[in-house]
Amino acid sequence: MRTIIEPFRIKMTEPIKVTTRQYRQRALTGAHYNVFLLDAEDCCIDLLTDSGTGAMSSNQWAALMLGDESYAGSKSWKKFESTVKKITGMRHVLPTHQGRAAEGILAQVLVKKGQVIPNNSHFDTTRANMEFAGALAVDLLCAEGMQPARIAPFKGNMDTDRLKGCIRQYGPENIPFCMITVTNNTGGGQPVSMANIREVKTILSEHNIPLVIDACRFAENAYFIREREDGYADTTLLKIAGEMFSYADAATMSCKKDGLANIGGFLVCNDDRWAEQFKNMLILREGFPTYGGLAGRDLEVIAVGLMEALDYDYQVYRHATVQYLRKKLSPLGVPMVRPVGGHAVFLDARAFAPHVPPLQYPGIGLVNAIYLEGGIRCVELGSVMFGKFDEQGKEVAAPLELVRLAFPRRVYTQSHFDYLAEVIENVWNHRDAINGFRLVYQPKFLRHFTGRFEPVE
Ligand SMILES: *Cc1c(COP(=O)(O)O)cnc(C)c1O
């Protein structure tokens, strides 16, 4: 097979700073060994997140100039609304400034204290919004999704037996809706099969529980279904997405992912009564229902971006970039979560640096080593991000120590990926030198963002 090329050419460039090891050492020390505290311009390849970091197409930039900034009923809103309806088939569309705003409205309107919200895996903002409304957020990920080395096509699926158990345990009257996240971000960007969505819907229907899709990476998930599930090889991604949404009663979306935009989101639903309540909350929190938290130009950009994300050749290229890195790292024996997900490669820091004990944060050690080696910024998903304290106040390590390399959409070329692989190879070859770290300052919540570290001698 021939090389899969980037299905675009470049007509605007953004310079990146090339730095020396000495410079990066100083930058790291200044940031207290926490890459969240680095200046972005000191990161020559920034893989911190795929959220809002993508490059817009020439069609999106052209659309941006058409932005109609009328307060109510703008032309840009009409385009946004009709595109979202075409993809989701839902009757009501509410624009929001980000995904979490859609989640907030959903939770404030539908969730009462003491209720239970099942999901395959709640994303952190989703969990926070459900818990803030007083609900218990339950994760029901399938068994294979919890085994990093196990190869399976749909490791993002919900465990339907556990869903049945959850409904029995808490009672359908205490479950205002169930969610399913596609692809499963927290579970490593792993896809959810159509069969699983269908089965979840069937179980929920027996108890009159609505289904809400967290749709942030719906187009990447549609691509996985087409490639891996029987019966979809000749179906367009638009049609596959349409079937996914047909099983849902509502959906939340962050357009910073498969909207191929730098900001934006939406909430959609079919029920008229829900829509009315959502709308009232939207006006209070975000803005008038025909712009939500967005400028007219954002609505234009998203309308174009959503359809571009469903372009098959774009998805072929997108997945080729993730696979490209895997194919370079696998033969070297670099430990990672398999199979690789739709938007990121996860390195297994515990296996990468087994000499660093979990409570000396091997993930932080690896993230620092990769930055120092090549100016690449990635993120720890391990004991710093997910660590807990037991009743005696003793710190408990997370089950996995992972380092995520998330890929911005349409931003980096093949030579950037070659460089990335070379940097990781070098770190791998000198893995004995990876340091442990200790926290010298930590805030009460979300310590990974602002915590300060020191290397352990
Ligand atoms: C990013 C994300 C969100 C939240 O969206 P924001 O636009 O960042 O507020 C919700 N769910 C999933 C799965 C996400 O990846």
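These numbers come from a predicted model, not from an experiment.

What counts and what doesn't
Residues numbered from 1 in each chain as written. Predicted model: local features only at pLDDT ≥ 70, side-chain atom pairs only at ≥ 80, totals over all residues. Heavy atoms only, no water. Helix = DSSP H or I, 4+ residues; strand = E, 2+ residues; numbered from the N terminus. Core = buried A, V, L, I, M, F, W, Y, C linked by side-chain atoms within 4.5 Å. Buried < 20%, exposed > 50% of the residue type's maximum accessible area, 1.4 Å probe, protein only. Domains from an automatic or database assignment. Contact = heavy atoms within 4.5 Å. Axes fitted to C-alpha atoms, helices over the stretch in contact; angles between N-to-C directions. Parallel < 35°, antiparallel > 145°, perpendicular 65-115°, else oblique. Left-handed = near helix turned anticlockwise from the far one by under 90°. Nonpolar A, V, L, I, M, F, W, Y, C, P; charged D, E, K, R; others polar. Patch = residues over 30% accessible without salt bridge, like charges linked within 9 Å, V, L, I, M, F, W, Y side chains within 5 Å. Areas by Shrake-Rupley, 256 points an atom, 1.4 Å probe, with all protein chains shown as cover. Salt bridge = Lys/Arg side-chain N within 4 Å of Asp/Glu carboxyl O.

Colleague: Looking at this model, I keep getting lost on the environment of phenylalanine 132. Mind explaining?
Modeller: Positionally, phenylalanine 132 belongs in helix α5 (residues 124-132). Along the backbone, phenylalanine 132 and glycine 292 are 160 residues apart, and their C-alpha atoms lie at a distance of 22 Å.

Colleague: Before we go on, may I ask you to explain the nonpolar core in this structure?
Modeller: For soluble globular proteins, the rule of thumb is that nonpolar side chains tend to be buried together. Ranked by internal contacts, the top residues of the largest apolar core, which has 60 residues, are Leu163, Phe218 and Met244. Formed jointly, this core draws a minimum of three residues from each of two domains, domain 1 (21-50 + 311-456) and domain 2 (58-309). Excluding anything up to four places from it in sequence, leucine 163 contacts Pro118, Leu140, Met158, Cys178, Val200, Ile203 and Leu204. Core analysis: the next-biggest nonpolar cluster, separate from the first, contains 48 residues, Leu38, Leu366, Val423 and Ile424 among them.

Colleague: Mind showing me how you'd approach the packing of helix α4 (residues 99-110) against α5 here?
Modeller: A pair of packed helices is captured by two measures, namely the crossing angle of their axes and the spacing between those axes. Where α4 meets α5, the axes come as close as 9 Å, and the angle between the chain directions of the two elements is 25 degrees. In terms of their interaxial angle, α4 and α5 are classed as roughly parallel. α4 and α5 meet at a crossing whose hand is right-handed. Judged by residue contacts, Arg100, Glu103, Gly104, Leu106 and Ala107 of α4 engage Thr125, Thr126, Asn129 and Met130 from α5. Split by residue class, the contact of α4 with α5 holds three nonpolar, four polar and two charged.

Colleague: Which parts of the structure should I look at to understand a nonpolar patch on the surface?
Modeller: Taken together, the side chains of Phe445, Leu446 and Phe449 present a nonpolar region at the surface, about 360 Å² in accessible area. Looking at the secondary structure, you find phenylalanine 449 in helix α17 (residues 447-450). Take phenylalanine 449: its relative accessible area is 38%, and that puts it in the partly exposed class.

Geometric values such as these leave the question of function open.
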